[in-house]
Amino acid sequence: MYRKIIKRSLSNMRDSYLIYILACSFAIGVYGILLSMGDNPSLHFALRFWGSFINDTTMIMSSIFAFCAFIYMIYVGGFFIKQQRNEFLTFEKLGMQRWVIVAISFFQTIIVQAIAWVIGITLMLIFQKFMGMLLFYLMRVRFNFEMHISLSSIWLLIRVFFISTLILSIINAIKTIRILQKKKRRPLIKTRWWLRIPAGLFGIILLLTAQVCTLYLFKDMHTISYSAKPLTEIMYIMGADIFGTYLVYFGFLPSILNIMQRIHSVAYSGVNIFSFKYMKERLFQNISILWFVTELSAMALALLTFCYFGYQAVHQNYNSAYPFELAANKNTVKVIREELKKNDAKVKGSYRTDVKINLVSYYSKAEQSYNRQPMTFMSYSDYMSLPKRMRKGNSKINSHQFLKIGFSSSVMYNNHEKEHDIQVKDAPMIPTAKLGYSFPYGSSMHFGPMMIVPNKYYEKMPAEVKDTFYGWDFKKGDRLSHAQMQKLNSYRDAYYMKVNFKSTLAKSSIEVMKKEPNKYEAATYTQAGFLRQGGVKKRFKQGGGFYLFIVALFSVALLIALGSVLTLRILLRDDYQSRQLRTLQKIGVEESEIKGIIRRENTLTFLIPIIFALIQSFVAIAMFDFGRHISKNIILIYGGYIVLYGLFGLISFQVSWRGVKQKFNL
Amino acid sequence: MQIAVKNISKDFGKKRNAVHAIKDISLEVDHGEFLGIMGPSGAGKTTLLNMISTNQRPDHGQIIIDGLDLTQFHDRDQAKYRRNKMGFIYQSFELLDSLNVKENVILPLALNRSNKKLIEERFNHMMQLLNIEKLSDRSVDELSLGQRQIVAAARALINNPEILFADEPTGSLDSKSATILLNYMQLINQKEKTTIIMATHDAFTASYCSRVVFIKDGVVFSEVVNPGNRDKFFEQIINMQRTIGGGDYFNVSQNY
Ligand SMILES: Nc1ncnc2c1ncn2[C@@H]1O[C@H](COP(=O)(O)OP(=O)(O)OP(=O)(O)O)[C@@H](O)[C@H]1O
Ligand SMILES: [Mg+2]
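## Examining the sheet that holds strand 2 (residues 19-29) of chain B
Residue and element names in this part refer to chain B. In space, the four strands of this open sheet follow the order 2-1-4-5, with antiparallel pairing throughout. What marks the edges here is a single partner per strand, and that holds for strand 2 and strand 5 (68-69). By the bridge criterion, two bridges tie strand 4 (residues 60-65) to strand 5 in an arrangement that is antiparallel. The residue of strand 5 that forms the bridge with Ile 64 is Asp 69. The sheet contacts of helix 1 (residues 45-52) involve strand 1 (3-12), strand 2 and strand 4, and relative to strand 1 the element is tilted by about 125 degrees.

What follows is the structure, encoded as structure tokens:
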């Protein structure tokens, strides 16, 4: 008979169990995949560069993941026990012994957990190869990913299964015991308006101050470079958001419905008379869950933004450091061309640009110091004829404007300031120059800042040193062999410039030396002979790919977990709540109206957290807003998040309506 | 003739353990009639009422009210029809736990978006009439069974339905409340020509009807018409109950 009871309660809640089991088995599958990747031989072979890093990362990641999943299971698993509360109490009234009831809930948990694990492990077996291939693709590694699960992984999985299932079952059994001890039916929730309204108001104030603070953060991030102020602001914003949201939920969600319910002309028309009260009751039950989901969603969004911008920053730094696959100057171009010819590299594009090097002096506001240094000059039309990617991080200029390209001291290069009054040796002073940070031919090809000047200015200006830069793009790499690289190593430095600064620029001069000076003097600059992406690019792609993989996996898992919490919360109505919907139908409320109530409930439950989460993750954008062209992508990411979330809402509405409708036809 | 039920039947469950709740029932109810339906437990009274009131669809047969074949209606139109013309007192009350007594009672009017003044007026009238003014702000959870039943009756009657369906309306009531309710039903039946169909076990309750149909095992067994004298009618009903047999099923009136 106990078997029958367990079987029946499992089938009664099968929709909810299905969602729970799917979410769990997804988590288990991901966990298994992460775990088994750590000691996958083909991964290790493909990523020799990264050594034990992969193993450590997957180990740490899978542990964190397992921990989160476990918390989720404890939390959500409790819903099911709560749902059976009446049933358990009836069993006890009918004289069933307590330990039997507890045993029923214990075994029920074990069965559900076992099913989830079986599905999860199956998922892992099916998708391991796929995920591995995805990882390899993202890492741009051309290897075949072999399926592999080591004995130690299996052993670990089995242990985790037994321990986690045991703990979960015991926890659920304890929850059942507590239900049997308390017995009190549905505690009446006290409204306590005197507490709620002020708390809600305070919450709104907190949220508002957080938003104001965010605006300040925007400003401070751009103006203050090294200070504890932004950090304090971020801490404050986070705290204010978290508590403010809770207080607002606690104070206002029920109050709004309560007020509407008091306005009889609204409340007494149509199903409102019922739906306001119903919704209020449901909201009361769900406040802490809504809050929990809101904060976690905000965190997930912030994490996503953070990772995205972090990746972008690294990517852009990298791209501005190596805009060409191979770059050379006039001293090395011959040797390099010869080497390229030897191994038949397929050149996709080649560029050359003449530059002039001259001495300049100016007062730099950003560094707050007076600078005297050599500077490379390039004409506007030469600059414009280079590939577009060279100009990506620079301000736009027209043919009459000047552009100074410098090294950015921080990641916050969204600097709209300009440089003024730059004196150039034997040439007119440059009154204003716009700023940029991405160097044509790569930052390492230059020893100092660079200036793009109008064509006429360029033609007329004198040069201390004249040089020509060369750049190549290839189809399938430059194919330079290790031996060739070794040979080229002696060309790394093209020449050295020793600057003799005198009282005025006109008297100062640059002395070019072929040999490296014996000791480095302050005013000696090195011109690089060539610059190659080579292995750096490969490593960069691998690291970035791995990073993307983990972040994507995490945020998807988080999204699924949060969505399923909300869905389950909606599905698991108390008995009397779903009976009421049936009653409504009996006294002549149209089905579409009842559907409307359920739709409203769903919309509220899903909309509230996502709106608050979006508002809060605004901070993350504030922290990392680099420029207009990036914000579009972040909007896309957020949009994707909202769409997925909405999908969850839609599914839970459909399932929920189906469940209610089933009861109608009894 | 307002309601015509033609050869309806209804089964529950699947092949093996199917229950033929209603086998083949035909009935005619005139406008303004007070019809009683009696029969032992499980005879199919509730099922019959549910089908006439379009809460359930019959497997076969037709239900024609005011010349309209309701079985042909779409669910949505049925719900509309039900809401506008019919009132229900359910055997299991079907009150909404979330709402208090007042809100439960005015629900049908609110659903029809009646104006607030009318709602208040009708509400006070009903509460006074059924002598339950004191309950109006209580929560349904706290009511006794009898109190719930009378509240359910108030809800059914508040919008002056054309047809009233009452399933065991006095099952949980003490004799005084039962008499008040039955008298009121008789009043609206006579004054406002409300058609009433009432299912009951109770011979005393049934004696308020103008005609009583007996069903057993899903078919009409016989019927008794009120001769104009309640005591005589009551006796006839008791006799018929004995004839149907299984007297142990019946709670012969506690009011007698
Ligand atoms: N939803 C249902 N599913 C299955 N069987 C049902 C359902 N509703 C009613 N029945 C069956 O149909 C038959 C008639 O039930 P019904 O409720 O109409 O009886 P009744 O005359 O109202 O009885 P009572 O006097 O106890 O109210 C019974 O055998 C019952 O078991
Ligand atoms: Mg019945």
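## Section: the nonpolar core
Ranked by internal contacts, the top residues of the largest apolar core, which has 196 residues, are Tyr 20, Tyr 72 and Leu 584 of chain A together with Ile 197 of chain B. Top contributing element to this core by residue count: helix 11 (residues 272-321) of chain A, with 16 residues. Looking at which domains feed residues into this core, each of domain 1 (1-184) and domain 2 (188-322 + 536-666) of chain A gives three or more. Not counting the four nearest positions on each side in its chain, Tyr 72 of chain A is found in contact with Tyr 20, Ala 23, Cys 24, Gly 77, Ala 561, Ser 564, Val 565 and Leu 568 of chain A.

## Looking at the coordination of the magnesium ion (ligand 2)
Coordination of the magnesium ion (ligand 2) by the protein involves Thr 46 of chain B (OG1) and Gln 91 of chain B (OE1), with metal-donor separations of 1.8 to 2.3 Å. With Thr 46 of chain B in helix 1 and Gln 91 of chain B in the loop between strand 6 (86-89) and helix 3 (101-111), the pair connects residues that are 45 residues apart, well separated along the chain.

## Description of the packing of aromatic side chains
All names here are of chain A. What the rule picks out here adds up to 25 aromatic pairs over all chains. Measuring from centroid to centroid gives 5.3 Å for Tyr 75 and Phe 292, while their planes differ by 45 degrees, and the two rings are tilted. With a gap of 217 residues between them, Tyr 75 in helix 4 (residues 53-83) and Phe 292 in helix 11 connect regions that are remote in the sequence. Residue Tyr 75 is classed as partly exposed on the basis of its relative accessible area of 28%. Each ring, one from Phe 402 and one from Tyr 457, has its centre 5.3 Å from the other, and the planes form 85 degrees; the classification is edge-to-face. Residue Phe 402 is located in the loop between helix 13 (380-385) and strand 4 (403-405), and its partner Tyr 457 is located in helix 14 (residues 455-460); the two are separated by 55 residues in the primary sequence. Judged by relative accessible area, Phe 402 falls into the buried class, the value being 12%. Through pairs of rings, three or more aromatic residues link up here, namely Tyr 17, Tyr 20, Tyr 72 and Phe 80.

What counts, and at which threshold
- Residues numbered from 1 in each chain as written.
- Chains lettered and ligands numbered in written order.
- Predicted model: local features only at pLDDT ≥ 70, side-chain atom pairs only at ≥ 80, totals over all residues.
- Heavy atoms only, no water.
- Pairing = 2+ DSSP bridges.
- Helix = DSSP H or I, 4+ residues; strand = E, 2+ residues; numbered from the N terminus.
- Contact = heavy atoms within 4.5 Å.
- Axes fitted to C-alpha atoms, helices over the stretch in contact; angles between N-to-C directions.
- Core = buried A, V, L, I, M, F, W, Y, C linked by side-chain atoms within 4.5 Å.
- Buried < 20%, exposed > 50% of the residue type's maximum accessible area, 1.4 Å probe, protein only.
- Domains from an automatic or database assignment.
- Donors = N, O, S within 2.8 Å, 3.2 Å for Na, K, Ca; no water.
- Phe/Tyr/Trp six-rings, centres within 6.5 Å; stacked < 30°, edge-to-face > 60°.

On their own, these measurements won't tell you what the molecule is for.
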